[in-house]
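Structural description and commentary
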Amino acid sequence: MKADLAWITDSGFSKDLTEILLKIKTAKREESNYYVTMIPNVGNPNFEKENPYAEMSSPDVGFRLLSLYRYWNIIQYYFPYKYAIGEDWKNVLQEFIPKFIEADDQTKYPLACLELATKINDTHASVRNSTVRNYFGQKFSPLEIAFIENKAVVKNYFDETLGKETGVKIGDIILEVDGKTIEKILEEKSKYLPASNHSARLRNLARELMATNNDYINLKFSSNDVIKNVSAKTYKNTEIKYTQKQPEMFTMLDNQTAYLYMNNIDKEKLSDIFKKIKDTKGLVIDLRTYPTQFVVFDIGNFLMPKPEQFAKFTTTNTTSPGNYVMREGASVGSNNKDFYKGKIAILVNEYSQSSAEYHTMAFRKAPKAKVFGSQTAGADGDVSYFMFPGKIPTTITGVGVYNPDESETQRIGIIPDVEVKPTIDGIKNGKDEVLEKAVNWIKN
């Protein structure tokens, strides 16, 4: 990817200004740079020297425009997926100059920052501060929502006692929240929901559907085809006990099928686990979550008979920012005649993001591996952090990650070998249909 510098000669600047800009373009630059450094051994940019102007809770118009210019330039020259955001980034600058001029209070300004971050279509993008949280709501219903069959479905209770008190059952379909249809809420809030793809955006909306600043949230829902209405009590996050139990890190689903849950993986226990399961028929690796430890290479050594390349990367540098080069990627595994020889089923969905996607790319290189599930979040590569003036934190993907054939992962995510999604009937009956499909493949 080449740096987009055609604006220097295409913008109708005076001859003198154009000559100055061309000198800057071609100037010899040293590897060191005060404002931007590259993280060693990774290559994502570090912007920690940018002044956060922490004392400005509501920056004046000049500093608001500085916010826009800072963000726009970082994306223009240090975002590896600028070409994939879906529109000409220069047009975004024109669109947002008036928005940042008009964002003249402590509520409008952080939301303008969030709307700008959403424009890059990156699930790693975020803007977090109290104003943003207040926009969505500081209190919550204890209902866990997921989009299943394109409907907002009660998947579980975050707090079983409080959830049952709402009168809404697992498997019920939410139709309206405080008098607004789900479609209307998605239309209104999409510009504040950074995401690489529609699946990830719906995932993010599901988290916010039950948020409010009121003591009660009014729900219209369908329960076994009967339309009902309820005014459900809401709670501060600290008042919800979160009674859901996570799966064990390792368990045997039956005497021939092993299961690893990656959200509480412990690399110190892996050697003993693989000794125990070496003669089993299959292993399920559940990556519908975020791995708590980086075990790509630890587990990969057990799964592979020989090294396999599973990813390539693009990075830029401080001497020619915006010029991205494809680097030779990472390999997983080692020469190991005692590798695990059973089938390997890897489970993914819209909650599989970043490290989970990276682990999936590696593990699917095993000889008998298949990926089961649905589109992942489409945001891989180490994250870079910086501040909008007013000390508002934001994040972006900082390194480009590609498949070994250089095909895309950003926005697309990991494409399953076998697409399988939960159903509303499955949720009602407590089934994990993705896991069931994977286990059936292992057994048959």
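Structural data are supplied above this passage.
Figured I'd write up the structure that's included with this text. (Residues numbered from 1 in each chain as written. Predicted model: local features only at pLDDT ≥ 70, side-chain atom pairs only at ≥ 80, totals over all residues. Heavy atoms only, no water.)

1. Overview of the overall build of the protein chain
On a plain count of helices and strands, the protein chain comes out with 14 helices and 23 strands. Expected size for 444 residues packed as a compact globule is a radius of gyration near 22 Å; at 24 Å, the protein chain falls within 12% of this value. With the C-alpha coordinates aligned to their principal axes, the bounding extent of the protein chain is approximately 75 × 60 × 35 Å. Split into buried and exposed, the 444 residues of the protein chain put 51% on the buried side. Carbon and sulfur atoms make up 49% of the accessible area of the protein chain, which amounts to about 21300 Å² in all. (Helix = DSSP H or I, 4+ residues; strand = E, 2+ residues; numbered from the N terminus. Rg over C-alpha atoms; globule rule 2.2 N^0.38 Å. Buried < 20%, exposed > 50% of the residue type's maximum accessible area, 1.4 Å probe, protein only. Areas by Shrake-Rupley, 256 points an atom, 1.4 Å probe, with all protein chains shown as cover.)

2. Here we look at a nonpolar patch on the surface
On the surface, F13, L17, I20 and I24 cluster together into a nonpolar patch covering about 350 Å² of accessible area. By secondary structure assignment, the location of F13 is in the loop between α1 (7-10) and α2 (15-26). (Patch = residues over 30% accessible without salt bridge, like charges linked within 9 Å, V, L, I, M, F, W, Y side chains within 5 Å. Salt bridge = Lys/Arg side-chain N within 4 Å of Asp/Glu carboxyl O.)

3. Observations concerning the pattern of salt bridges
Applying the stated criterion across every chain, the model contains 22 salt bridges. D4 is the partner of K90 in a salt bridge, and the nearest nitrogen-oxygen pair spans 2.8 Å. Of this pair, K90 sits in helix α4 (residues 89-102) while D4 sits in the segment before α1, and the two are 86 residues apart along the sequence. On the accessibility criterion, K90 (30% relative accessible area) is partly exposed. Through salt bridges with shared partners, a single ionic network connects E87, E95, K99, E115 and K119.

4. Some remarks on the packing of helix α3 (residues 61-78) against helix α5 (residues 108-118)
Where α3 contacts α5, the axes come no closer than 11 Å and their chain directions differ by 15°. Considering the angle they form, α3 stands roughly parallel to α5. Pair α3 / α5 crosses with right-handed handedness. Residues R64, S67, L68 and Y71 of α3 form the contact with α5, whose participating residues are Y109, L116 and A117. In the contact of α3 with α5, the residues fall into 5 nonpolar, 1 polar and 1 charged. (Axes fitted to C-alpha atoms, helices over the stretch in contact; angles between N-to-C directions. Parallel < 35°, antiparallel > 145°, perpendicular 65-115°, else oblique. Left-handed = near helix turned anticlockwise from the far one by under 90°. Contact = heavy atoms within 4.5 Å. Nonpolar A, V, L, I, M, F, W, Y, C, P; charged D, E, K, R; others polar.)

5. Topic: the sheet that holds strand β22 (residues 400-402)
What the 3 strands build is an open sheet, ordered β17-β16-β22; its pairing is antiparallel. This sheet does not close on itself; its edge strands, each paired only once, are β17 (325-332) and β22. Each neighbouring strand pair of the sheet contributes to a mean axis angle of 30°, computed without reference to strand direction. Against the sheet, helix α11 (residues 296-303) makes contact with β16 (308-315) and β17, and its axis sits at roughly 55° relative to β17, the strand it touches most. Against the sheet, helix α12 (residues 355-363) engages β16, β17 and β22, with an angle of about 140° to β16. (Pairing = 2+ DSSP bridges.)

6. Details of α4
Here α4 is 14 residues long and its end C-alpha atoms lie 21 Å apart, about the 20 Å a rise of 1.5 Å per residue gives. When the local axis directions of α4 are compared, the greatest deviation, roughly 35°, occurs at F96, which is followed within four positions by the proline P98. Taken as a whole, α4 has its buried residues at W89, V92, F96 and F100. Along its buried surface, α4 packs onto α3 and α5. With a side-chain oxygen lying 2.9 Å from the backbone nitrogen of K90, the N-terminal cap of α4 falls on D88. (Expected span 1.5 Å × (residues − 1). Bend = angle between axes of the 7 residues up to and from the residue. Polar contact = N/O pair within 3.5 Å; in protein donor to acceptor, adjacent residues only side chain to side chain.)

7. Details of the side chain of S196
Relative to the assigned elements, S196 resides in the loop between α8 (182-189) and α9 (198-208). In terms of polar contacts, S196 uses its side chain to reach the backbone carbonyl oxygen of G378, at 2.7 Å. If we skip the residues at most four places from it in the chain, S196 touches N121, D122, T123, A377, G378, A379, Q410 and R411.

8. Side note on the sheet that holds strand β18 (residues 343-348)
Here 6 strands make up an open sheet; going across it, the order is β13-β14-β15-β18-β19-β23 and the pairing mixed. For this open sheet the edge positions go to β13 (250-254) and β23 (418-419), each flanked by a neighbour on one side alone. Sheet analysis places β13 next to strand β14 (residues 257-261), joined by 4 bridges and oriented antiparallel. By the bridge assignment for β14, M252 is matched with A258. Lying on the sheet, helix α14 (residues 433-443) is in contact with β13, β14, β15 (282-286), β18, β19 (369-373) and β23; it crosses β18 at an angle near 170°.

9. Things to note about α14
Where α14 is concerned, the buried positions are E433, V434, L435, A438, V439, W441 and I442. Turning to α14, the residues buried within the fold contact β13, β14, β15, β18, β19 and α13 (424-428).

10. Some words on the packing of aromatic side chains
Taken as a whole, this structure holds 22 aromatic pairs when the rule is applied. Each residue in the set F47, Y71, Y78, F386 and F388 is aromatic and connected to the rest through ring pairs, giving one cluster. Sitting over the ring of F96, K99 keeps its end group 4.7 Å from the ring centre. (Phe/Tyr/Trp six-rings, centres within 6.5 Å; stacked < 30°, edge-to-face > 60°. Lys NZ or Arg CZ within 6 Å of the ring centre and 35° of its normal.)

11. A few points about the environment of L202
Here L202 lies in helix α9. When the C-alpha atoms of L202 and A152 are compared, they prove to be 9.1 Å apart, with 50 residues separating the residues in sequence. When sequence neighbours within four positions are dropped, the list of residues in contact with L202 reads F147 and L186.

12. What to know about the environment of R128
Inspection of the secondary structure assignment puts R128 in the loop between β3 (126-127) and α6 (130-136). According to the relative accessible area criterion, R128 is exposed, its value standing at 62%. Residues R128 and N403, spaced 275 residues apart in sequence, show a C-alpha to C-alpha distance of 31 Å. Engagement of the side chain of R128 in a polar contact is seen with the side chain of S126, the distance being 3.2 Å.

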